[in-house]
Amino acid sequence: MHRKITIGFVLSKLLLAFLLIMTFLPILTMFNMSLKSTVLIRTNFWSLPTSIYWTNYEKAFKFVFRPVLNSLLICMISLVGIIILVALAGYAFGKMQFKGKKIIYSMVICVMMIPYTLLIIPNYEIVETMKLLNTYWALILPYVFGQQVFGIVLAETFYSSLPNELFEAAKIDGASEFQKFSLIALPLSKPILITVGITAFNSMYNDYIWPTIVLSSGDEFKTFCQVVFNNAAGKGTNDLGL
């Protein structure tokens with residue numbers, strides 16, 4: 001059965017085509033600019049490149065290679081610590097019973113209410129006292145202990161929602177607390193831990209303020225965002241091709 005072509009059908013397809021063009025136009029424009037010199041971009045913005053200017057890619061690769069590796073290294077090490085602490089703390093708050101549980105969890109909630117900017121100076125004092133300035137650990141340790149708070153709240157909510165019958169049955173079978181966590185709770189919590197990991201990774205990779213404060217000497221340890229924001233501009237003018 002053939003669908004009847006109406007004016008609304010045609011208009012909807014035209015609208016979708018227009019939205020697709022508007023979506024991909026900035027990407028195609030960026031790709032076109034990357035193949036031209038800055039002079040040609042400024043003089044004839046919409047033109048196609050007369051000759052491929054691969055120098056932009058060579059300079060870009062040299063420019064971001066080490067900072068990207070630094071960012072990935074810092075984020076991956078931090079992420080391992082965050083996931084481990086989030087899983088353990090979330091399970092402890094969600095399924096275990098111990099004295100002071102509600103008070104400690106309330107303190108965790110209170111930490112979420114403190115604006116990030118108020119923690120910069122205390123964190124800097126701690127890092128400086130530990131003599132970690134201009135090292136990877138100046139970023140890794142604050143990230144691990146700062147990014148886990150939101151994840152703990154999510155993990156606690158998830159673990160609390162798991163049926164207690166699962167853990168009671170495991171206890172009857174002789175499972176220890178760690179076995180209940182590792183064999184039951186942890187496999188079930190993969191979706192929530194992945195969510196925490198993606199959120200934390202995105203936040204750490206795109207952070208500019210904290211790396212700029214604690215990594216101030218040379219480019220050896222600097223992150224991708226830090227180097228790009230600090231050095232993307234040339235001598236008074238932007239290198240648009242780069």
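Everything quoted here is computed from the prediction, not taken from an experiment. Think of each chain on its own: its residues are numbered from 1, step by step along the sequence as written. Only residues with pLDDT of at least 70 are given local features in this predicted model, and only at 80 or more are side-chain atom pairs given and counted; all residues enter the totals for whole chains, interfaces and linings. As a rule here, side-chain values come from all non-hydrogen atoms in the structure, and water together with hydrogens is ignored.

*Asks:* Honestly, the overall build of the protein in this entry has me stumped. Any pointers?
*Replies:* Going along the chain from the N terminus, every DSSP run of H or I of four or more residues is numbered as a helix, and every run of E of two or more is numbered as a strand. When you go through the protein residue by residue, the secondary structure sums to eleven helices and zero strands. Helices and strands appear in the protein in the N-to-C order α-α-α-α-α-α-α-α-α-α-α. Here the C-alpha coordinates of the protein stretch approximately 75 × 70 × 30 Å along the principal axes. Partly exposed residues are those whose accessible area sits between 20% and 50% of the maximum for their type, while under 20% is buried and over 50% is exposed, using a 1.4 Å probe and protein chains only. Here the protein, with 242 residues, has 31% of them falling under the buried criterion. A residue counts as positive if it is Lys or Arg and as negative if it is Asp or Glu; His and the chain ends are not included. Positions of charges follow a simple convention, taking NZ of Lys, CZ of Arg, CG of Asp or CD of Glu. Charge-centre separation for the protein: the mean point of 18 positive side chains lies 10 Å from the mean point of 12 negative side chains.

*Asks:* In this structure, what is going on with unusual backbone geometry? I would like to understand it.
*Replies:* Despite not being glycine, Lys131 has its phi angle at roughly 55°, a positive value. By secondary structure assignment, the location of Lys131 is in the loop between helix 5 (120–129) and helix 6 (137–161). A positive phi angle, near 60°, is found at Asn134, a position not held by glycine. Turning to its location among the elements, Asn134 is positioned in the loop between helix 5 and helix 6. For Asn134, a relative accessible area of 21% puts it in the partly exposed group.

*Asks:* Explain a nonpolar patch on the surface here, please?
*Replies:* Two distance rules govern patches: like charges are joined within 9 Å, and nonpolar side chains (Val, Leu, Ile, Met, Phe, Trp, Tyr) within 5 Å, applied only to residues with over 30% relative accessible area and no salt bridge. Areas reported here follow the Shrake-Rupley algorithm with a probe of radius 1.4 Å; residue values treat only the protein chains shown as occluding. Criterion for a salt bridge: a side-chain nitrogen of Lys or Arg within 4 Å of a carboxyl oxygen of Asp or Glu. Among the surface-exposed residues, Leu15, Leu16, Phe18, Leu19, Met22, Leu25, Phe45 and Trp46 lie close enough to one another that they form a single nonpolar patch of about 820 Å² accessible area. Along the chain, the position of Leu19 falls in helix 1 (residues 7–34).

Treat this as a map of the structure, not an account of what it does.
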